[in-house]
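Here's the letter readout for the chains.
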Amino acid sequence: MHGVLLLDKPYGASSNQALQKCRWLLQAEKGGHTGVLDPLATGLLPLCFGDATKFAQRMLDADKRYVATLKLGVTTTTGDAEGEVLDTRPVQCDRMAVDAAVARFVGEIEQVPPMYSALKHEGKPLYEYARAGITLEREARRITIYGIDVLHFAGDELVLDVRCSKGTYIRTLAEDIAALLGCGAHLIGLRRTQTAGFKLEDAITVEQFEALALDQRDALLLPADSLLADLPAVTLDAAQTDKLTHGLSVRFPSDGGIIVGLRVYGDTGAGQPTFLGLAELTDQVLSPRRLLSTVVHS
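Keep in mind that what you see is a predicted model, and the values were worked out from it rather than measured.

What counts as what
- Residues numbered from 1 in each chain as written.
- Predicted model: local features only at pLDDT ≥ 70, side-chain atom pairs only at ≥ 80, totals over all residues.
- Heavy atoms only, no water.
- Phe/Tyr/Trp six-rings, centres within 6.5 Å; stacked < 30°, edge-to-face > 60°.
- Lys NZ or Arg CZ within 6 Å of the ring centre and 35° of its normal.
- UniProt positions renumbered as here; feature names shortened; annotations may be inferred.
- Helix = DSSP H or I, 4+ residues; strand = E, 2+ residues; numbered from the N terminus.
- Buried < 20%, exposed > 50% of the residue type's maximum accessible area, 1.4 Å probe, protein only.
- Contact = heavy atoms within 4.5 Å.
- Polar contact = N/O pair within 3.5 Å; in protein donor to acceptor, adjacent residues only side chain to side chain.
- Disulfide = S-S within 2.5 Å.
- Salt bridge = Lys/Arg side-chain N within 4 Å of Asp/Glu carboxyl O.

## Brief notes about the packing of aromatic side chains
Then, number 1: All told, the structure shown has two aromatic pairs when counted by the stated rule.
Then, number 2: A connected cluster of aromatic rings, assembled from ring pairs, spans Phe-55, Tyr-265 and Phe-275.
Then, number 3: Its end group placed over the ring of Tyr-129, Lys-124 keeps NZ or CZ at 4.4 Å from the ring centre.

As structure tokens, this is what we get:
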């Protein structure tokens, strides 16, 4: 069982719970997700099975897109609806002020990770310290906000479409924007709509997936190389394929230089090029980096 499932993660389930449910439904031995979504968040969660897990890290590093719903005027201990109320203030900003505040956070910015996060300090996640009433100093991280669009603003509700780099905490972004507005806020909804080139409209819910027969579930899996669609590709002949899948480097014509990530396809006698995995090209020498276990010879 090898491939990628685009799942619309349900509210209330952890990323791992969603993964294990789908792994069981697919009867897959090996699986992994491509970036944690909080239980209160919903939306696109690509799940990798079998050999596709070899390339899951690229999704962790990918840009993301979210629709975030903020309740203005109320701050909480966690920055979302799960926390206890810290403060309540009147919401006195208008649309012009909202637009101006949002614009301040577009581009490269410094963001301090929240205490209620899975980041670890001395081997323990920060949220465990936070639950014990301990606040630790956290270093600011440099992230990129590519764009923020205001989808809705009325009364104390603000809905934002956020396009951002990896490592962005939307809860913190929401709190920082609302602090600039002078009223504070917390997240009452968060939905991931895009990860790299994958989109939410192509995802399936757990309920829809469970209603299918096993062969139908299997047919929904995208190939492992869909995780690498942005990388350049090369195709090898049968002799080159045999060498590479034995772990050997092969001569390959190029303009010189180094290309660290290449999708490699080869002639395995299947009638059409077979995806072999990732390779690196250095001065006309193609070396295997990470190959599918299904094509590697013993």
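## Comments concerning the UniProt feature "active site" (unreviewed entry) in the chain
Then, number 1: UniProt's entry tags Asp-38 with the feature "active site" (unreviewed entry), counted in the numbering of this structure.
Then, number 2: Mapped onto the secondary structure, Asp-38 falls in the loop between strand S2 (31-33) and strand S3 (42-49).
Then, number 3: What makes Asp-38 partly exposed here is its relative accessible area of 35%.
Then, number 4: The contact partners of Asp-38, leaving out residues within four places of it in the chain, are Lys-9, Ala-13 and Arg-171.

## Focus: the environment of Ser-226
Then, number 1: Within the secondary structure layout, Ser-226 lies in the loop between helix H7 (214-219) and strand S15 (233-235).
Then, number 2: Spatially, the C-alpha atoms of Ser-226 and Val-159 are 31 Å apart, while their sequence positions differ by 67 residues.
Then, number 3: Excluding its chain neighbours within four sequence positions, the residues that come into contact with Ser-226 are Val-4 and Phe-198.
Then, number 4: Engagement of the side chain of Ser-226 in a polar contact is seen with the backbone oxygen of Pro-223, the distance being 2.7 Å.

## Let's talk about the state of the cysteines
Then, number 1: Enumeration according to the criterion identifies zero disulfides in this entry.
Then, number 2: Considering cysteine sulfurs only, Cys-48 is the nearest to Cys-22, which forms no disulfide, with 12 Å between them.

## Section: the pattern of salt bridges
Then, number 1: Tallied over the entire structure, the rule returns 12 salt bridges.
Then, number 2: A salt bridge links Arg-191 to Asp-8, with the nearest nitrogen and oxygen atoms 2.7 Å apart. Here Arg-191 is found in strand S12 (residues 185-195), whereas its partner Asp-8 is found in strand S1 (residues 3-9), with 183 residues between them in sequence.
Then, number 3: For Asp-8, a relative accessible area of 14% translates into the label buried.
Then, number 4: Among the ionic pairs, Arg-58 bridges to Asp-230, the shortest N-O distance being 3.0 Å.

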